[in-house]
Amino acid sequence: MFLGHLEEIGKKFQKSEALKAVFYYLYELLDEESECFIKLSKLQANESYEEEIGFGIRAIPQCYFTKEPQNAFYESHQNMVDFQMVCEGREVFFVAPKELCKIKTPYNKEKDLQEYYPTPHCSTLLLFRGNLAVFEENDVHAGGIMIKEKELIKKVVLKVPKELVKLNF
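Residues numbered from 1 in each chain as written. Predicted model: local features only at pLDDT ≥ 70, side-chain atom pairs only at ≥ 80, totals over all residues. Heavy atoms only, no water.

K.L.:
Lay out the overall build of the chain with the relevant residues and their values.
P.N.:
On a plain count of helices and strands, the chain comes out with two helices and 13 strands. For a compact globule of 169 residues, the expected C-alpha radius of gyration is about 15 Å, and the chain comes in at 15 Å, within 12% of that figure. Dimensions of the chain, computed from the C-alpha atoms along their principal axes, are close to 40 × 35 × 30 Å. Out of the 169 residues in the chain, the part that is buried amounts to 49%. Within the chain, residue pairs in contact and separated by at least 24 positions form 78% of the contacts whose partners lie at least 6 positions apart. The chain carries 22 positive and 27 negative side-chain charges, and their two centres are separated by 4 Å. (Helix = DSSP H or I, 4+ residues; strand = E, 2+ residues; numbered from the N terminus. Rg over C-alpha atoms; globule rule 2.2 N^0.38 Å. Buried < 20%, exposed > 50% of the residue type's maximum accessible area, 1.4 Å probe, protein only. Contact = heavy atoms within 4.5 Å. Lys, Arg positive; Asp, Glu negative; His and termini not counted. Charge placed at Lys NZ, Arg CZ, Asp CG, Glu CD.)

K.L.:
Describe the packing of aromatic side chains, with residues and values.
P.N.:
Considering all chains together, one arrives at five aromatic pairs under this definition. Each ring, one from Phe13 and one from Phe83, has its centre 6.4 Å from the other, and the planes form 55 degrees; the classification is tilted. Taken together, the residues Phe13 in the loop between β1 (2-5) and α1 (17-30) and Phe83 in strand β6 (residues 80-88) connect sequence positions 70 residues apart. No difference in accessibility class separates Phe13 from Phe83, as the two residues are buried. Joined through ring pairs, the aromatic side chains of Phe13, Phe23, Tyr27 and Phe83 make up one cluster. Geometry around Tyr49 places Lys39 over its ring, the cationic atom sitting 4.3 Å from the centre. (Phe/Tyr/Trp six-rings, centres within 6.5 Å; stacked < 30°, edge-to-face > 60°. Lys NZ or Arg CZ within 6 Å of the ring centre and 35° of its normal.)

K.L.:
Tell me what's going on with the environment of Glu47, and back it up with residues and numbers.
P.N.:
Within the secondary structure, Glu47 is located in strand β2 (residues 47-48). When its relative accessible area of 35% is taken as the criterion, Glu47 is described as partly exposed. When the C-alpha positions of Glu47 and Gln62 are compared, they lie 5.9 Å apart, and in sequence the two are 15 residues distant. Once residues lying within four places of it in the same chain are set aside, the contact partners of Glu47 are Lys42, Gln62 and Cys63. Separated by 2.7 Å, the side chain of Glu47 and the backbone nitrogen of Gln44 make a polar contact. (Polar contact = N/O pair within 3.5 Å; in protein donor to acceptor, adjacent residues only side chain to side chain.)

Have a look at this one:
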């Protein structure tokens, strides 16, 4: 898992053309005059769309209201790395190591999705405008959690093939 504010972590995206495309797309979503931002800003609650940005990377801009913690959906992925960035609003994420989580639903290869039961072994992250969270294969994550009351979120999830991502610490 990696967390950082987009404007401060730009150097991490210079390692490949694919990561440069990810950065450019995310950066455009923060530019209030860009077509990407305008398209996202027009979304209403419970709306989303999907678009290909190259290199096998899918972008899923979406809009929804945050939910109570007991309604969290815990998930992980084996083939794709989730890059999640909020463009409007604030949401909490719960993150836990995969090895400390109990599987709820068997892995679905078509959806690249594994679902888990809630776990007491979670860390909490706050995502806000421009804050980017990157969830890898071992990161069980549950997002869209409200802080004190429901809040409208406009964000993007980028599904990036894991072979394109090397966090290299």
